[in-house]
Amino acid sequence: MKRNISEVLRRGFEATVANWPVVALRVAETLVLAGIIIVSLVAAVVPAIVAAGLSKDDILNSADPGGAVISWMVGHLLLFVWMLALAFVVLGVLMALHAFVEGATAQIFVDAERAMKARNDLRAFSIDRWIAGGVASWWRIFWIYNLAWSVGLAIVLVPLVLTIAGMLVMSDTMGRVVVGCAGLAMAVLVLIPIAIVTSIWCTKAVTICVARAILAREALRLAWREIRLDLGRHLAIAVITFILSMALNSVVSGFSIPLTFNSQHVPSVALFFAPVRLIGGVIQALVSAAIGSYLIACFVSMTEER
């Protein structure tokens, strides 16, 4: 039976609370992802740039600072190829890990919905089932993200290509600046709704992929179809969870922002309040993980209605 919006929100909340370890594991994911990024920067990118030998004095003391930077970039082309390749690999690892966690999370909520039908109990979490869900679906979810965001970013490229074409047509510098700024503003305006729609599309596709054990392309097709047929509920739930996330994070930030006042002039103040600000960051990560789990639980609730 089809649930209304309030029933879906309530069911998603109950499933999230009943399977709260999923939230803790998503917080752990955030820490692991941050650690991978930091290690990549410290171990590879920063030493490579330092070894390349471009310093502030080289730029300031040069008769042509712009030319000095360009000459340095041309002379260290392999460095940029290395950084691009590293970024590509790291991004792939981050996406794969996130796909694993999303698949594992969706699997627990799918099990919870089916357990509710069988024994009237939403508790379904076990670490073995969580890992099994991630292992079974991460590759398909990895391609869901790649395919969906490729479509979304291709749409965003349209105003950028038109902007470049317009700048090439303009003969004067001021005209090129105006066209460039207008084109970038248009690209940002296009990016915001595209990012929202793509995020909703991916979340729905993940739940369908896990619940029905189908391939990425088919999951995306069915997800788009179900969103179009039931746009009101999907959009309303996504907007409500987004507003809830912003509100909760704003409350946490509201407590931590006053602790930064005068911290530059009085370093001891920043040191004194550092633990409190660290706790605030952990709470924000917890809020984001909880809202992310809640959104998946709500979408699973709609996917498993039949």
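Everything numeric in this text was worked out from a predicted model, so none of it was measured.

(A) Geometry of the nonpolar core. If you look at the biggest cluster of nonpolar residues, it comprises 48 residues, and the most contacted ones within it are Phe109, Trp130, Ile141, Ile144 and Ile237. Of all the secondary structure elements, the ones that give two or more residues to this core are α1 (5–18), α5 (77–119), α6 (127–169), α7 (173–212), α8 (216–229), α9 (231–256) and α10 (267–303). With 10 residues, the single largest contributor to this core is α5. Beyond its immediate chain neighbours, meaning those up to four positions away, Ile141 contacts Ala99, Glu102, Gly103, Val206, Cys209 and Val210.

(B) Region of the structure containing the environment of Arg11. On the secondary structure map, Arg11 appears in helix α1. Sequence separation of Arg11 and Glu113 is 102 residues, and the distance between their C-alpha atoms is 9.1 Å. Among all residues touching Arg11, those that are not within four sequence positions of it are Arg3, Glu113, Met116, Leu122 and Ser301. Among the polar contacts listed, one links the side chain of Arg11 to the side chain of Glu113, at a separation of 3.2 Å.

(C) Quick peek at the pattern of salt bridges. For the structure on display, the rule yields 13 salt bridges. One salt bridge connects Arg26 with Glu102, and the closest N-O pair in it is separated by 2.5 Å. In this pair, Arg26 sits in helix α2 (residues 21–52) while Glu102 sits in helix α5, placing the two residues 76 residues apart along the sequence. Across the pair Glu226 and Lys204 runs a salt bridge whose closest N-O atoms are separated by 3.5 Å. Pair noted here: Glu226 is in helix α8 and Lys204 is in helix α7, with a separation of 22 residues, a long-range link. We note that Glu226, like Lys204, is buried. Shared partners join several salt bridges into a network, and the residues in it are Lys2, Asp230, Arg233 and Glu305.

Criteria and thresholds
- Residues numbered from 1 in each chain as written.
- Predicted model: local features only at pLDDT ≥ 70, side-chain atom pairs only at ≥ 80, totals over all residues.
- Heavy atoms only, no water.
- Core = buried A, V, L, I, M, F, W, Y, C linked by side-chain atoms within 4.5 Å.
- Buried < 20%, exposed > 50% of the residue type's maximum accessible area, 1.4 Å probe, protein only.
- Helix = DSSP H or I, 4+ residues; strand = E, 2+ residues; numbered from the N terminus.
- Contact = heavy atoms within 4.5 Å.
- Polar contact = N/O pair within 3.5 Å; in protein donor to acceptor, adjacent residues only side chain to side chain.
- Salt bridge = Lys/Arg side-chain N within 4 Å of Asp/Glu carboxyl O.

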